Structure formats: C-alpha cells, structure tokens
Amino acid sequence: MNLSMTPQPIHLVDQYDDGDHSRHYTFQLAQPTSEQIQPGQFFTLTLAGFGEAAFTYLTAPDEQGRFQALIRRAGVLTSQLFKTETGTLLGYRGPFGSGLWPIEEIKEKRVLLIAGGIGLPPLATAIEALLANGSDVGLIYGSRDYAGQVLKQERERWQQQMPMIETFDQAVGDQLSGTPLDHLDAINQQLGGEVEAVLTCGPEVMMQAVGRSFTDRWQSTDNIWLALERRMHCGIGLCGHCYLGSSYVCTDGPVYRWREFLKQQKVM
Amino acid sequence: MSNPSKKVINTICPYCGVGCGIGLQVSDGTVTGVEPLPQHPVSQGMLCVKGWSSAFALDPYDRIKTPLIKENGHFRPASWSEAYQLIVDSFQAIKQEHGPNALGLIACARATNEDCYAAQKFARTVLGTHNIDHCARICHSPSVAGLRQTLGSGAMTNSIDDIEKADLLVIFGCDPTENHSVLGGRMIQAQQAGTKLLVVDPRKTRLAKLADLHLQLNLGTNIALINGLINIIFSNGWEDKTFIEERCENIDALRKKVAGYPPKRVAEITGVPVDQLHAAAKMYSQSERTFLAYGMGITQYTSGTNNVIAISNLTLVTGQIGREGTGINPLRGQNNVQGACDMGALPNVFPGYQEALDATSQEKFGTAWKCEIPQQKGLTSLGMTSEALNGRFQGMIIMGEDPVVTDPDQNHVLRALEALDMLVVVELVMTETAKVADVILPAAAFAEKDGTFTNCERRVQRVRAAIPPPGDAKTDWQILGELAKLLGYDGMQWPNAEAVFDELAQLTPLYQGMSYDKLELDNGLQWPCNDATPDGTKLLHSGQFSRGKGRLIPVDHTDPAEMPDSDYPLYLTTTRLHYHYGCGSMTRKSPLLERETPSGVLFIHPDDARKLSIQAGTLLRISSRRGEVETRAVVTDDLPPGTVAMPYHFKEAPSNLLTNTAQDPVTKMPELKACAVKIEVVTEQ
Amino acid sequence: MKSYLLDSLENLFQHLAVSHKMFEPQSIPGSEDLHWLPSPKGPTSRYGTSKQVLPLAPAKGFLFPERELLFRFDGQTFIETLPEVAPQVLFGLQSCDLCAIAYQDQFFRQDSYYLARRKATILVGFDCLTPCDGGFCSTVDAGPFVRDGSADLILHPKGNEWLLIPASEQGLNAIQTLNLPPAPAEWRAEREQQQAEVAKMFPTDSHIRTGIERINQATISAEQWQRLGLQCLTCSGCTSLCPTCSCFTTFDTKTEGESNTFVRERCWDSCLYEAFQRETSGHNPSKEAGERLQRYWFHKFSDHYVDEFGRYGCIGCGRCEETCPGGIGVHSIMRRLEKES
Ligand code: SF4
Ligand code: SF4
Ligand code: FES
C-alpha cells in the first residue's frame, strides 16, 4: 500500500461513452510499478484543482502501466473528468484496500455475482479472475433501464463465457423485469445447481437485500461478500470519513464478508 | 533560539450580532486557526460553526488587492490616486448638475463603528445629503421603528446573561440555534437546567422540537396570535395591573382592540388550537421572569413594525420588562447592525439616534463637523435604487454590502445599479454587486483592522488587527477620509481608529463614557455608558422607559401583501442556514461549510412534495410574479404544508429573484418572509 | 532511567531554549485564558503546586495543524511539501494531553507530515498535584501524573525543587550537558505514593463509568441518541478541541499563474457535520444527528479501539464540556446516559 498523500502523474489515454452518463477510461501511469493489484482494490484520481475521488480498477495495470476504469458522472470532479481531453495529465494514488474479493476461498465453488447499475465495474476484476481460473460463475445484472447499463463490450465477451441474466427496473419489450433476486432460480438452472457463494455490488439497499436473502436461504452469513462505497479523502485509514463501525472501509474494505458487515453495523 | 511569530489575537467574531470573543491564531502573518475564549462574558469558551471556520474566510486568495476601474466592461487594476480622481470628478459633476441628493452611500453592518461613523459623516458633510443607509432595512428596521414608539429605544432591553436568569424563554419567529448559535446554545443549556421554553414559529425549528410548548402558527399571523394572547390574559385577569397603572399609557384603546380577537377567531386565523393559546398566555403572563427574543420572522413582513408593536404590547401588559430575566430582545442579524444604527448610518438620525432634521441636533453636528447640515430628508437604500431608476439619483458608494444578492427583487436592484453614472463598491472580494461597479476599492477585513463592534446586547467591544490587509487594501474610514480630503473636506483625517472612536463617543451620548482603555478592562461596555452610568447598562427601562411611559398601541392583523392563489398556490418564506451568513461571501470559502450545503435548496413538506411528485434531490423550478430560479428539493416536515422555504445565501439560486418588494409602510422593510410561488419539476437530461 | 534533581526550572528552560523554539501556555492581552504561544522569556510561575488550568485549545495543532499543505502541482509534477520544523519544545504539558499525543503518535505513525513535526518536538510534562476543573484523567487512566513513555522529560515538584525524569532517549540527550545531580533515591517511590493520593482528590465521576458501560453494552437506543443529537449545533467545537480527534478533509486551491497549478491542503474535519459521510450520490450512511453523535462517543469510549491504542480515545480533559454550546459535552452527555434509559 502506498501511504503518500501526494499523487503520481498519470495520463488519460483513451475514453469512450459506455452507458448513461458513464464512460470507459484508459489511463497510463507515467512510472509503471511492479505492485500487483488485487481484485477489489481501488485507486484515486486527482484533477487539477477539482479534488480527488476514489474509483475501482476495471483491469489491473499492465507492464506499461495501462489500466481501465468505468466512471459515472455524478459530482464536480467527474463532471470535470468528462470534459477532460485524452492526453491530459492527472494525478493517481493507489492501490488501496485490503478487503478483497475472496478469489482463493471461492474458486472451487459455484459463484454468483449480483451487480446493480454502476456496481458492475467493481466486480469486473473478480469476474476475470474467476473466469481465468475456470471457476463455475454466473452474473445477474440489474439496471434501471437499457441506457443505465455499463460495460457493453465486457458484457458481450462475458456472455460467451458464463451464464448471465440482465434485468431492468423499467423493462420494455421482451426485457426481463424485476430485481436480481427475482431471477435466482433461473441462474441456478443455468449454472446447473444451487450457487455456493455470492459477491455483490450496487446500491446499499440492494446489497442488503441480497445479504438478507441468502442468509435466509443458506442459514449462514459465511459465503456472501459485498463491496461498499464511502466518501474517502485519504485511502489509508487516516481521514476518518469512511468509517463503518470500528473499521475503515478504505483499509479494511472495500469488500466485506456479509457477517463482518453486519457486525460492524451493530458495534455502535 | 529566535522565537517564531506565532500569536493569538483576542478579537470579536464577525458573523452575527451575538459578539462572541474569538482568539485568532496568527502564524507568519496569516490566520491559521481560531481558539475560543473561556472567559469571554458572552461566548464563555463556545463558538458556532462559522466562528470555528473563520480562518478560511480570511484566506487572501480571492481578495481584491488593488483598486479596480471598469473599462469596456472589464476591470483593470489602478492606483489609488487614479481611482480616487475618477470618483471625485464624477461625484463633483453629478453634484453640480443634479445637486447633492443625487448622491448617496450604503454603509455596512459588518464594518466597525468607526467605519460606520465615517460613512455617515462622509454622506452628511462631504456629499451633503442624508442619503445614508445600511442593511438593517432588510433585517431589523421595524424593531427600531416599533420599539422607539412604544419604549423609546430600539435595542435589546436586557442582556444575554438574562437567559440564565429567566424562568421562561419565549422565542418568536427565529431559531437562535441556527442563526445565533452561541446564544441559542445558552438557551438550550438553560432549558436543561430547568427553564421553560415556548417557541412561536411556523417552522418546526430545532428549538421548537426541544420546546415545552410550540405554537406552529400560519405564516404572517403574528399580530392575530399576540392580540389573541392578550385577549386571554385580560379575560383571566393575568395582566400586571400595577405595572400597567404605573408605567404604561393607552391601555383602554388596547383593551378595546384585543376584544376583537377572541380565542376562537384567533385559532382560525393562526391555525393554533385554543388550548395551546390558553396555555401560552398563562405561561407567558404567570411566569416570574419571561425573557422574550424575536428575529426576522417578526420583522420581515409588510406588517413588520406592527408585529414589533404587538410584541411590545404583550410584554408591557404582563410587566415582563424592566427587570432581570425579562424583556424584549430582538436578535440582530449582522455582527454590527446595532452599531451601524447607533452610529447613525440611517437617513433619519445622526449618531445616537439624534433626529437628522431636528434643529438642535443639526446645530450640534454642524458645529462639531464644521459644515452645513443638509436640510432635505434622506433616502433609504430602496429609495435610492428607486430614484436611480427614475433618473434622479446618479452616484453611489456601497461599502461591503451585496444588495444584488441580499435585497428583495434582484432584477430591480441590478437595473437600478446599472442606471447609475458612478457606482463605487468598497469590498473584500468580487461580489455580484461589485461586478456592476464602475470603481472597486479594496477594503480591509475584520481581522485586519482595529475598531469596535456593538453586539445585540449593546456591548461595545474591541476588534483588534491580527494581520495586515492584503495588497493595497485599506480600512473604510481611511478610504473615506482620503476621498473627503480630495473632495475638499478636512474633517476626516484621523490618525488611527481610536481617534475616530474618541470623536464619535463625544458626539454620541450613549457612548460618551467609553474609551479604548475602558473597553479593554472588562470585555467591553454596554450602552448607555456616560457620567450617570460609567460602568454601562445591563438593563434598560428599569425605573422608567426611555420615552417615559410605555405606550400601548393597538394594531390589527393584516394579511401578507401577496397570498397564495390559484396561479401561485404556495407560500414561500426565506430562511437562513446556520452554516452561512449574509450573501455567503465569507463563509462559502470554507470547504467544510461549502460541502454542508453545496448549492441552493428548497424545503418542502412531504404532503406538498407528494402532490407534485417531488423527491429529495428533485430539480425544481420555482417561480413567482417577479422571476424564477432552479434548485433542488429537500423534503421535510419541519415546515407546515402549503409553505416552502429557501435560504437566501446562494448566488446560483437567489431566492431574492422571487421575493416581494412590498414594504412595511413605516420602515420600507420589504416583505421577505412571505410571497406566493408555484413549483414545477424540471426534467433532467 | 536515572532521575535528577533540578533546583531551578529557569535553568532547564534556558538550557533547552539554546537550541529549541520554546512554547508554553500563556495568557494574552485582554484575557486571562491560556493559549499555547512562543515563550521568549522563560517559564511562567504556574508550575508546581498551584491549581492546574488546561489551555482550552490543546497542543494538538503543533503536530497535526488545523491546515496542512500536502503537495503542490506545478502543471507537470506533484511535489510533496513536507513541513520543515525547527527543533521545538512544548513546555508545560499535563499528563492528559501527553496521553493524547501518545495516542496521536500511534494513529499517525505512518503519516509523514505528522512525523516531520513530531520528530522535531520535545515534550516536557508536569505532574498535576491538584485536579483541574472538569478534568477526569484519573477515571480514564490518563493522569494526574505523567505516564512513562508519554513525555521526553517529566517534572515532579518537590517543594522548591524538582524531580526531573528523562523519559526518552531524546529527553536524556537534551539534558546531558546540564550535569545535574542525581535525585535522592526515595523520590521516585514517594512520587508513586503521591499519585494515588492526588487521584483520590478527583470527584468519583460515576456518570462517566456508567456511560462508558452503556456505550459498550450498546444499550442506548437510536431514539435516545436522536434526542441528544437534536442538541448538537454542529459547531465542530468538540472535535476541534478534543486532543485525540484526528479526522480531516482535503481540498484544492488553484494558485495564481498557470491555469492548472494548484495546492492541496488538509484541514480538520468533524464527524458531527451532516455531510461528513455524504456521498456524491446523496447516500449518507450517517444521516441523522443522533447517529453522528453516537459515532463521536463510540470513538472516544469503545473497547474496540483499546486493542490498537492501549487506552480509550478520551483522555479526560473536559474540553468538549466547556466548548459545547448544545450542552452535550462529556459530563453532560454521560450524566444523561446515566439518568435516562
Ligand atoms: S472527549 Fe472530551 S474530555 Fe475526552 S479527550 Fe476529547 S475533549 Fe477531552
Ligand atoms: S461541541 Fe457540541 S454542538 Fe458542537 S459539534 Fe460537538 S456535540 Fe455538536
Ligand atoms: S478514506 Fe480516509 S480513512 Fe478511509
């Protein structure tokens, strides 16, 4: 973990629109590091004078230091990013986070990933790691509507590699409707058996529903993981903003085992 | 080893009329932080969020550092002498062509007494006009007008310390925990220690939620409510008969008037149930000591002056005045609005409320200032803008005020200022008003000057310079003194702030016994302070009222000038947020305060929100007969259904594009607290 | 370590002043309140047996200042701006504040800005022989006598003389050339005894103990927190003055010149602010004032943090009680928690 509060230079090298208010970015570190990025970790971007915000890696930096991220326009910083031209110098800090997607622990299991809206990108590194390992894995992706979906190219590729269900709050035509949890039986069928581990990322209410539902189903809180979003100003457990109970999401998370998440929610 | 230049300067917080003591930490010439002062009599080691963030407000990065002259629509830096010459030439030409009344000055209720004194002296001697005003107009001129009629003095009758001496605290139309936090905090602490709390407000404010009794009256029904309470008091014989007998006049007329406000009728008008009216009347009159405080929910109406008179009636008939722990206590907005009034930064009075058109006063000031005192009545700030639109007013100096954002009806103000031949703005930063100026002169901020502020309890306190002003910036009184000299008047060449104070103390009976040395001793002195009361005065009106007998004046309920109708079905009221102050030019520089309320918001009741399919964060267009603004919704049942509220701090969503210019007939106070609007949802891309 | 007999504070002070900037709590014109300020002249006379007064603003800002420059960007590179701090002495720290610094030392152990300031600083602590108003150090294991390892030099009054205990390498080095005589052998033991006696002079503070218990058993309802939260005016006074509070936010300021040059600073933040955790989406994990208040007191008194820090986050100074306008500082809130269930 890099403990410095000073960013390193990074260039924006490619960008294309990918879903409503969302864009697919490629960045290149000016000085590539040999540090390995683990699925679940995140980094921060600095835009000159507009502050700093945290994002998850879509891909880990390669030898040239190139990596990708999917970013939705939401506040001042991202609005500025959307106006930023390819080639621009930005600031980068990372990688951060020690709560990771538990690839080793679940790779022999039948794994279901449940994503909601902009919660899909944080799952991408887990999907790739599990697919690379040849694990049994399926995805349910819920969005508000068609335009709200992100990672079009990735999903087209994943479609070939694993069972995948896409569902919409405001379905039209022959689109599937409902929440991801409405399609559990279907995905189980496609996977050829009851799933044994769940990774989820999306709005906190959705993740909580997923957590409760599988706890009921399995009478256990063991094999459920979620990735949290918090306001972050340091990434290294100092600024205090990202607290969850007695933990810090930036250092203890962003991925929590459901059981740990419940415990942290209750400690106070 | 040599020691670093770290110091702490003991001064007064510049954000509201409470006047808390604040220690500014200074390192190498910049203010790096603040410390509260435990022994300060008002703040006792506390500060509000604005005080705690003052170090950011003093960040010099966006300060204006040199005079600026507008050329072809753009400002360019200029020397003082060039800027002065431009003003002098223009003012002289205007005066020659249109006479002195085409010129005027708006002083600043955030500036020091010394600055305000210099401002009104400049208007009356150099410009030769009583066209001098400041922003009390938009907060508390009705207090001055109302209480001067009934008691003879417009200030807070008691002291902040009386909060802890009262048995009952009554808060009318304001939430001191938001706008005067330290004072509000002392109220909360008093309640924790056993004092009862009664709140009268259309909104469920924090204090209302904590209160023992909350009367949630309909917007704009204060007089009906108060008349109703007095009616109940009379019918139960709860009035203080001896007090009325000995110290009040005109009781019969009042009795007759309130007879027309029986509880049932009042309940209908105000929306407050009869049993609550009854309980409140009993609490107020039967408590041993009732401390009543009120704010802009009383004054910012076309009936503002009458609202104040009604409050005065209630206080007088129950004898809840003239003793410790009682009184009528207007909570003033800006830090030195009391001082600006005391200093005569008003068209109708000299310093110390001596009538501007009275012969004796004219003689006194004419002699002291060695000049002819103008005979013609002066204009208020709204009068000046109206006359500018009529082409009869051409030159103006605005000191540190931002009327474009804070005045009602923004379009009107903007057009008026643009119509001027010469607008001079003396400012810290580039405000919306400064943008339309012809010349901007860089002013020193509170931490950069010596002087005095007068807080709401009439306490005159020393302000001390902690750091030098940035660039070429100067103190208001210095700027005005230099301009005066160029315009041919020698009477404003003071060597330092203390000299200004000594002059004003001599001419202001209320301040006569004060000097910088005496102010040092005990964290300031409360006026009147003179030979009779050398240690100042904590309690006004103890033996008799300033005007002799307390005058009871019957007043009637009137509806706000604009009521909701089918076109504009909702009431809009303006509020202040704890985090910001005035137009926000100081407080919005703090990243923390800015984060707390990122841009303008509209507060709306869940019932109204449901009807219009509005959720938290929905983008809305709010329109009134005067204009429209866009902002986001905050859904809260802190307001009654049918009423929406907007804070007025944000230039992105200026509520004053919407508000009504209808005025209080006495003080010309605009009705900022109520107007009719309609709301539409804006579909976002 | 050995301890020494010091006959005059003045000597020690002047000795340290040769190579250090000296800071001490002092009053300023127009007020008798104490503030941490440069001390050009030498030790003030308050030390020893006189009644202790804590400066309302602690020495926290010397090590973790209210605003700190993190880096600047010149258009091409991000340049870290570590503070350059000349050697300094904080003279006259009480035990509670020293425990707070020890706590911060733990928390900021990898923060280069804090470390740059900390390394340049010598801490001179004094044992308190009487309780201060509102203090309860003895209840939270933070005083009244200076804890080993929390100061560089410890001073303990002995009539007109002083027992001087160098409590760190740095402390020992700082006094080496003074050539002080050793202290009488029995003084250390006497000091131990006296500590127990002074601790007995403090009020019983049962409300603090009960409050801590209730916080740790999590028996306080959300409604009760919410009721108390109504009294929080979000002034940020408690977090600004609490010597163990450490939250900050970062912000950028454009600098004059090149269009995209800027500096980033960090400044103190407060967990009581409504938007402390609010995310860009509007989602706010601690939306209610009660939740935020609960957070503050959890962080000060939860057993969860004892593993990492070896103590509670509260060192018993009572500053939050003094500055809270809402009447919910440490004593008030603990009394309410004791009284209302
Ligand atoms: S919580 Fe209060 S008493 Fe405890 S250390 Fe912080 S400021 Fe002092
Ligand atoms: S000092 Fe009191 S009012 Fe201020 S933030 Fe802390 S708890 Fe809230
Ligand atoms: S982001 Fe700063 S502590 Fe987690």
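Residues numbered from 1 in each chain as written. Chains lettered and ligands numbered in written order. Predicted model: local features only at pLDDT ≥ 70, side-chain atom pairs only at ≥ 80, totals over all residues. Heavy atoms only, no water.

## Remarks on the overall build of chain B
- Summing up its helical and strand segments, chain B has 26 helices and 28 strands in all.
- Computed over the C-alpha atoms, the radius of gyration of chain B is 24 Å, within 12% of the 26 Å expected from 2.2 N^0.38 for a compact globule of 685 residues.
- Looking at the 685 residues of chain B, the share that counts as buried comes to 67%.
- The contacts in chain B between residues at least 6 apart in sequence include a share of 73% that link residues at least 24 apart.
- When the accessible surface of chain B is totalled, it reaches about 21900 Å², and 49% of it is carbon and sulfur.
- Computed over 63 positive and 77 negative side-chain charges, the separation of the two mean positions in chain B equals 3 Å. (Helix = DSSP H or I, 4+ residues; strand = E, 2+ residues; numbered from the N terminus. Rg over C-alpha atoms; globule rule 2.2 N^0.38 Å. Buried < 20%, exposed > 50% of the residue type's maximum accessible area, 1.4 Å probe, protein only. Contact = heavy atoms within 4.5 Å. Areas by Shrake-Rupley, 256 points an atom, 1.4 Å probe, with all protein chains shown as cover. Lys, Arg positive; Asp, Glu negative; His and termini not counted. Charge placed at Lys NZ, Arg CZ, Asp CG, Glu CD.)

## Side note on the site of ligand 2
- Around ligand 2, the neighbouring residues are C232, L233, T234, C235, S236, G237, C238, L272, C324, P325 and I328 of chain C.
- Partitioning the shell around ligand 2 into residue classes produces 8 nonpolar, 3 polar and no charged. (Near = heavy atom within 4 Å. Nonpolar A, V, L, I, M, F, W, Y, C, P; charged D, E, K, R; others polar.)

## Comments concerning the sheet that holds strand 6 (residues 89–96) of chain A
All names here are of chain A.
- Within the open sheet, the 6 strands sit side by side as 4-3-6-1-2-5. Their pairing is antiparallel. In this open sheet, the two edge strands, each paired with only one partner strand, are strand 4 (51–56) and strand 5 (66–72). When the angles between neighbouring strand axes are averaged without regard to direction, this sheet yields 40°. (Pairing = 2+ DSSP bridges. Axes fitted to C-alpha atoms, helices over the stretch in contact; angles between N-to-C directions.)

## Quick word on the environment of A434 of chain B
Residues and elements named next belong to chain B.
- Looking at the element boundaries, A434 is found in helix 21 (residues 432–435).
- Residue A434 is classed as buried on the basis of its relative accessible area, which comes to 0%.
- Between the alpha carbons of A434 and L331 there is a distance of 29 Å; along the sequence they are 103 residues apart.
- Once residues within four sequence positions are removed from consideration, A434 is found in contact with F75, V425, V429 and I440.

## Quick notes on the interface of chain C and chain B
- Listed as interface residues are 55 residues of chain C and, on the opposing side, 50 residues of chain B.
- Taken over both partners, the interface formed by chain C and chain B buries close to 4100 Å², and the fraction arising from carbon and sulfur atoms is 56%.
- Its largest share of buried area at the contact with chain B, chain C owes to R67, L230 and L233 of chain C, together 15% of the area lost on that side.
- The interface formed by chain C and chain B contains 0 salt bridges.
- Our enumeration of links across chain C and chain B arrives at 10 residue pairs in polar contact (both at pLDDT 80 or more).
- Looking at which element gives the most residues to the side of chain C that touches chain B, the answer is strand 3 (residues 34–38) of chain C, with 4 residues.
- Residue classes in the side of chain C that touches chain B are distributed as 27 nonpolar, 17 polar and 11 charged. (Buried area = accessible area lost by both parts, 1.4 Å probe. Salt bridge = Lys/Arg side-chain N within 4 Å of Asp/Glu carboxyl O. Polar contact = N/O pair within 3.5 Å; in protein donor to acceptor, adjacent residues only side chain to side chain.)

## A closer look at the state of the cysteines
Residues and elements named next belong to chain B.
- Following the criterion strictly, the structure yields 0 disulfides over all chains and no others.
- Cysteine C116 shares no disulfide, and the gap to the nearest cysteine sulfur, in C108, comes to 6.9 Å.
- The buried category is assigned to C116, whose relative accessible area is 1%. (Disulfide = S-S within 2.5 Å.)

## Examining the domain arrangement of chain A
All names here are of chain A.
- Partitioning chain A into domains gives domain 1 (8–96) and domain 2 (103–267).
- Each partner contributes residues to the interface: domain 1 has 19 residues there, and domain 2 has 25 residues.
- Taken together, both faces of the contact between domain 1 and domain 2 bury some 1700 Å²; the carbon and sulfur share is 59%.
- In this assembly, domain 1 and domain 2 are joined by 1 salt bridge.
- With a closest N to O distance of 3.1 Å, R144 and D20 form a salt bridge.
- The tally of links from domain 1 across to domain 2 stands at 8 residue pairs in polar contact (both at pLDDT 80 or more). (Domains from an automatic or database assignment.)

## Quick notes on the domain arrangement of chain B
Residues and elements named next belong to chain B.
- Assigned domains of chain B: these are domain 1 (6–62), domain 2 (68–135 + 335–450 + 469–510), domain 3 (141–331) and domain 4 (570–681).
- For domain 1 and domain 2, the distance between their C-alpha centres works out to 28 Å.
- Contacts between the two partners involve 10 residues from domain 1 and, on the opposite side, 6 residues from domain 2.
- Regarding the contact of domain 1 and domain 2, the summed buried area is about 680 Å², with carbon and sulfur atoms giving 72% of it.
- The largest share of the area that domain 1 buries against domain 2 comes from P14, L58 and D62, three residues that together contribute 59% of it.

## What to know about the packing of aromatic side chains
- Counting across every chain of the model gives 47 aromatic pairs over all chains.
- Between F27 of chain A and F43 of chain A, the ring centres sit 6.4 Å apart and the planes meet at 65°, which makes this aromatic pair edge-to-face. One end of the pair, F27 of chain A, is in strand 2 (residues 22–29); the other, F43 of chain A, is in strand 3 (residues 42–47), with 16 residues separating them in the sequence.
- Classification of F43 of chain A by relative accessible area gives buried; the value is 0%.
- Relative to F251 of chain C, the ring of F56 of chain B lies with its centre 5.5 Å away and its plane at 75°, an arrangement referred to as edge-to-face. Highlighted residues: F56 of chain B in helix 2 (residues 54–57) and F251 of chain C in strand 10 (residues 248–254), drawn from two different chains. Both residues of the pair, F56 of chain B and F251 of chain C, count as buried.
- Taken together, the ring pairs in this structure connect Y25, F27, F43, F55, Y57, F67, F82 and Y92 of chain A into an aromatic cluster.
- Sitting over the ring of W80 of chain B, K474 of chain B keeps its end group 4.5 Å from the ring centre.
- The ring of W268 of chain C carries the charged tip of K60 of chain C above its face, separated from the ring centre by 4.5 Å. (Phe/Tyr/Trp six-rings, centres within 6.5 Å; stacked < 30°, edge-to-face > 60°. Lys NZ or Arg CZ within 6 Å of the ring centre and 35° of its normal.)

## Comments concerning the sheet that holds strand 19 (residues 451–454) of chain B
Residue and element names in this part refer to chain B.
- In space, the 3 strands of this open sheet follow the order 19-20-21, with antiparallel pairing throughout. This sheet does not close on itself; its edge strands, each paired only once, are strand 19 and strand 21 (525–526).
- Taken together, the 4 bridges between strand 19 and strand 20 (residues 459–463) define a ladder with antiparallel strand orientation. From the neighbouring strand, G451 faces strand 20, where its bridge partner is V463.
- Running at roughly 90° to strand 19, helix 4 (residues 113–127) makes contact with strand 19 and strand 20 of the sheet.

## Brief notes about the site of ligand 1
All names here are of chain C.
- With respect to spatial proximity, 14 residues lie near ligand 1, and among them C242, C314, C317, G318 and C320 are the closest.
- Top element by residues in the shell around ligand 1 is helix 10 (residues 289–301). It accounts for 3 residues.
- For the shell around ligand 1, the residue count by class is 10 nonpolar, 2 polar and 2 charged.

## Thoughts on the pattern of salt bridges
All names here are of chain B.
- All chains considered together, the criterion is met by 64 salt bridges over all chains.
- Two residues, E457 and R459, come together in a salt bridge whose shortest N-O distance is 2.8 Å.
- Between R621 and E630 there is a salt bridge, and its shortest N-O distance comes to 3.5 Å.

## Some remarks on the packing of helix 5 (residues 184–191) of chain A against helix 6 (residues 204–218) of chain A
All names here are of chain A.
- Direction vectors running N to C along helix 5 and helix 6 enclose 65°, while the axes themselves pass 14 Å from each other. In this structure, helix 5 uses L184, D185 and N188 to contact helix 6, whose residues at the interface are S213, F214 and R217.
- Across the contact of helix 5 with helix 6, the residue classes tally to 2 nonpolar, 2 polar and 2 charged.

## Digging into the pairing of strand 3 of chain C
All names here are of chain C.
- Buried residues dominate strand 3, accounting for 5 of its 5 residues.
- Here strand 2 (residues 21–27) runs beside strand 3; their pairing, made up of 5 bridges, is antiparallel. In the sheet register, P25 faces strand 3, and the bridge partner there is W36.
- In textbook terms, the turn of a hairpin is the stretch between consecutive antiparallel strands, and for strand 2 and strand 3 this stretch comprises 6 residues, one of which, G30, has a positive phi near 85°.

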